[in-house]
Amino acid sequence: MASHRKRRAAAVVCAAAVAAGPVAVAAGPLPAAFAAGPVPATAPAAASGPAAVPASPSAPTPDPFAGLGADEIADRAVTATRSATSLRMTGRVVTEGQPLDIDFAVNDRGECTGAMRIEGGAAALRRIDRITYIKGDEAFWRVSMASQGMPDAQIDATVELVKGRWLKIAPGQAGSADLSGVCDLKALLADLDQDKEERRGLTRGPDSEVDRTPVANLVKKRPGGETTTVSVAQEGRPYILRMVRAGGGQPGAVRFSDYDKPVRVVVPPAAETVDLSKLEPGTPA
C-alpha cells in the first residue's frame, strides 16, 4: 500500500511540475523583449495571430522621452520595471510548440494567484506562505501527465485522487522548487538586467496606446524577419506594458498591468486539498 501511495504521489508531483514548467517560462518573457527567448502570443482569449500595435490618437505633451534614444528609454524601462512590487501578466506563451494561456498576478513576497489553460484543460495556481496549491480539471491533468509518458492506469488513478481538489505542495517536497519559480517576481525582474548588450540596437517606432495609456514603442529587428516591439508607459513610471513579436516561428503578444497593486491570495480550505506529505511517507511537510 505504501509503495502504491508513493507511486501515485510521484505521479501527481510530476504532473504539477510539468504543468507549471511552462508557466515559469511565461513568467520570464520580460527579458525576451531584448533577447531571443520564449515567445508570448495572444491574451488568454487566444487569437489566431499576433496583436497589432495600433496608432495612438494622442501622445503626451511634452514627450517624457524627448531627447532620449531607444536604448536609453529601454534602460529607464528596465530600471522602473525592476522596482515593481507586483504585476499582472496575461497572454499566451508557446514553449516547444505547446500554447499555454496565462493570467497571473505576482508580488515580491513570493505570492501569486492565477490561471492557465493548455490544450483545452484549465488549472488555477496559488502560492502563499511558501505553499503552492494547484487545481486542474481532468483534461489539464491528463494532458500534463500524458506528456510525460505516464501509463493510462497511473493517470486514471491520479486523476481520481485530485479530482475537484487542490494539490498542496510544501517546501522541500518534490516539485516545490519548480513550482515556486512561477511566483518569484524578484528573479523574474532580475533577469531584465542580466545582459545589457542584448537590448542594444533598438529603434523607436510610432507611439501608440496600451489600455488607454500612451506608450513609446521600442523595436528590435532580428535576422529572418522577426521583430519584437516593447511598449513603455509614457505616463507615470516607465513600466513595460506590452510586448509583441511578429514574424519568426512563434509570433504573439503579452501584456503587463496592475503594477504595485496588492495581490490577494486565498488559501484553499483544508477539506479541498490533497497534501503530498500524507501521500508519500517520509516526505517533508
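Since we're looking at a predicted model, the values are computed, not measured. By convention here, each chain's residues receive numbers from 1 onward along its written sequence. With the structure being a predicted model, the display of local features is reserved for residues of pLDDT at least 70 and the display and counting of side-chain atom pairs for 80 or more, all residues being used for whole-chain, interface and lining totals. The side-chain numbers reported here are obtained from all heavy atoms of the structure, hydrogens and water having been left aside.

A. Fine view of the state of the cysteines. Two cysteine sulfurs form what is called a disulfide whenever their separation falls within 2.5 Å. For the structure on display, the rule yields one disulfide. One disulfide in the model links cysteine 112 with cysteine 183; its S-S distance is 1.8 Å. Of this pair, cysteine 112 sits in strand E4 (residues 112–118) while cysteine 183 sits in the loop between helix H5 (176–180) and helix H6 (185–190), and the two are 71 residues apart along the sequence. In DSSP terms, a helix is any run of H or I states spanning at least four residues, a strand is any run of E spanning at least two, and both are numbered starting from the N terminus.

B. Quick peek at the packing of helix H3 (residues 138–146) against helix H4 (residues 152–162). Their axes nearest at 10 Å, the elements H3 and H4 cross at an angle of 145 degrees. Between H3 and H4 lies a crossing of right-handed hand. Judged by residue contacts, Glu138, Trp141, Arg142, Met145 and Ala146 of H3 engage Ile155, Asp156, Thr158, Val159 and Val162 from H4. All amino acids are sorted into three groups, where Ala, Val, Leu, Ile, Met, Phe, Trp, Tyr, Cys and Pro are nonpolar, Asp, Glu, Lys and Arg are charged, and the leftover types, Gly among them, are polar. Split by residue class, the contact of H3 with H4 holds six nonpolar, one polar and three charged. Lines fitted to C-alpha atoms define the axes, with helix axes restricted to the stretch in contact, and inter-axis angles between N-to-C directions lie between 0 and 180 degrees. By the definition used in this description, the sense in which the near helix is turned from the far one sets the handedness, with an anticlockwise turn below a right angle giving left-handed and a clockwise turn giving right-handed. Any two residues whose heavy atoms approach within 4.5 Å at even a single point are treated as in contact.

C. Representation of the nonpolar core. Grouping buried Ala, Val, Leu, Ile, Met, Phe, Trp, Tyr and Cys residues that are joined through side-chain atoms within 4.5 Å yields what is termed a nonpolar core. Buried means the residue's accessible area, taken with a 1.4 Å probe over protein chains only, is under 20% of the maximum for its type, while exposed means over 50%, and partly exposed covers the values in between. In this structure, Phe104, Met116, Leu125, Trp141, Ile240, Phe256 and Tyr259 are the most contacted members of the largest nonpolar core, which totals 54 residues. Ranked by residue count, the leading element in this core is helix H2 (residues 70–82), at six residues. By size, the runner-up hydrophobic cluster in this structure holds eight residues, among which are Ile128, Ile131, Tyr133 and Ala170.

D. Main features of the side chain of glutamate 111. Here glutamate 111 lies in the loop between strand E3 (98–107) and E4. As used in this structure description, the phrase polar contact means that two N or O atoms lie within 3.5 Å; if the pair is within protein, one of them must be able to donate a hydrogen and the other to accept it, and residues adjacent in sequence are counted only when both atoms belong to side chains. Separated by 3.2 Å, the side chains of glutamate 111 and arginine 109 make a polar contact. If sequence neighbours within four positions are ignored, glutamate 111 has contacts with Ala105, Val106, Arg127, Ile128, Cys183, Val263 and Val265.

E. Focus on H3. Restricting attention to buried positions, one finds in H3 the residues Phe140, Trp141, Ser144 and Met145. The buried residues of H3 all sit within an arc of 115 degrees when viewed along its axis, so they share a single face. The directions considered for the arc run from the helix axis to the C-beta atoms.

F. Spotlight on the side chain of glutamate 226. Residue placement: glutamate 226 occurs in the loop between strand E10 (213–221) and strand E11 (227–233). By relative accessible area, which is 16% here, glutamate 226 ends up buried. Residues within four places of glutamate 226 in sequence aside, it is in contact with Lys220, Lys221, Arg245, Ala246, Gly247 and Gly248.

G. Spatial organisation of the pairing of strand E5 (residues 121–128). Judged by how many residues are buried, E5 sits mostly within the fold: six of eight residues are covered. Pairing analysis gives seven bridges linking E4 to E5, with the strands arranged antiparallel. In the strand pairing of E5, methionine 116 is matched with alanine 123. Between E4 and E5, which pair antiparallel and follow one another directly, the connecting turn spans two residues, one of which, glutamate 119, has a positive phi of 45 degrees. For E5 and strand E6 (residues 131–136), the ladder comprises six bridges, and the chain directions are antiparallel. Each bridged residue has a counterpart across the sheet, and for arginine 126 the counterpart in E6 is tyrosine 133. Strand pairing is assigned whenever DSSP identifies at least 2 bridges connecting the two strands. In this structure, the hairpin formed by E5 and E6 is closed by a connection of two residues, where aspartate 129 is found at a positive phi of approximately 55 degrees.

H. Molecular detail of unusual backbone geometry. With a phi close to 50 degrees, aspartate 211 is a non-glycine residue in the positive phi region. Along the chain, aspartate 211 turns up in the loop between strand E9 (208–210) and E10. The class of aspartate 211 is exposed, set by a relative accessible area of 54%. Although it is not a glycine, arginine 212 adopts a positive phi angle of roughly 70 degrees. Structurally, the position occupied by arginine 212 is in the loop between E9 and E10.

I. Broad picture of the packing of aromatic side chains. Only Phe, Tyr and Trp rings take part, Trp by its six-membered ring, and two of them pair if their centres are within 6.5 Å. Stacked means planes under 30 degrees apart, edge-to-face means over 60, and tilted covers everything else. This structure, assessed with the given rule, holds two aromatic pairs. Aromatic pair phenylalanine 140 and tryptophan 141: ring centres 5.8 Å apart, planes at 80 degrees, arrangement edge-to-face. Judged by its relative accessible area of 0%, phenylalanine 140 falls in the buried class. Taking the relative accessible area as the measure of exposure, tryptophan 141 reaches 2% and is therefore buried.

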